Amino acid sequence: MDILAVLAAVLGVPALLAAAWYWVARQNRRGVRRAAAGGMLGVADEIFRPETHHVHQIQKIQHELPAPAPAPKPKR
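Residues numbered from 1 in each chain as written. Predicted model: local features only at pLDDT ≥ 70, side-chain atom pairs only at ≥ 80, totals over all residues. Heavy atoms only, no water.

**Some words on the overall build of the protein**
So, point 1. Tallying secondary structure elements over the protein gives three helices and zero strands in all.
So, point 2. The order of α-helices and β-strands along the protein, N terminus first, is α-α-α.
So, point 3. In the form shown here, the protein has an accessible surface area of approximately 7,200 Å², with 67% of it arising from carbon and sulfur atoms. (Helix = DSSP H or I, 4+ residues; strand = E, 2+ residues; numbered from the N terminus. Areas by Shrake-Rupley, 256 points an atom, 1.4 Å probe, with all protein chains shown as cover.)

What follows is the structure, given as structure tokens:
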């Protein structure tokens, strides 16, 4: 019985992810939000490609930073 529970867990998680991915892809074809697919990829990046996840975090922070103030003109 324990082997069935492990097998269901091992096969069930990828099946749920595939179903969620399919549902998001279907919604995207209709023009509905695309951010959900990016969120799923962000989780995969964090686990399997930590360098890419780190770069995305840096880009997000840099995008949110305000523009630097202009330098004052020198007085003559």
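**Notes on the confidence of the model for the protein**
So, point 1. When pLDDT is averaged across the protein, the result is 78; 76% of the residues are at 70 or more.
So, point 2. Mean pLDDT across the elements of the protein ranges from a minimum in helix α2 (residues 35-48), with 66, to a maximum in helix α3 (residues 50-64), with 84. (pLDDT = per-residue confidence, 0-100.)

**Regarding a nonpolar patch on the surface**
So, point 1. On the surface, I3, L4, V6, L7, V10 and L11 cluster together into a nonpolar patch covering about 610 Å² of accessible area.
So, point 2. Within the secondary structure layout, V10 lies in helix α1 (residues 2-29). (Patch = residues over 30% accessible without salt bridge, like charges linked within 9 Å, V, L, I, M, F, W, Y side chains within 5 Å. Salt bridge = Lys/Arg side-chain N within 4 Å of Asp/Glu carboxyl O.)

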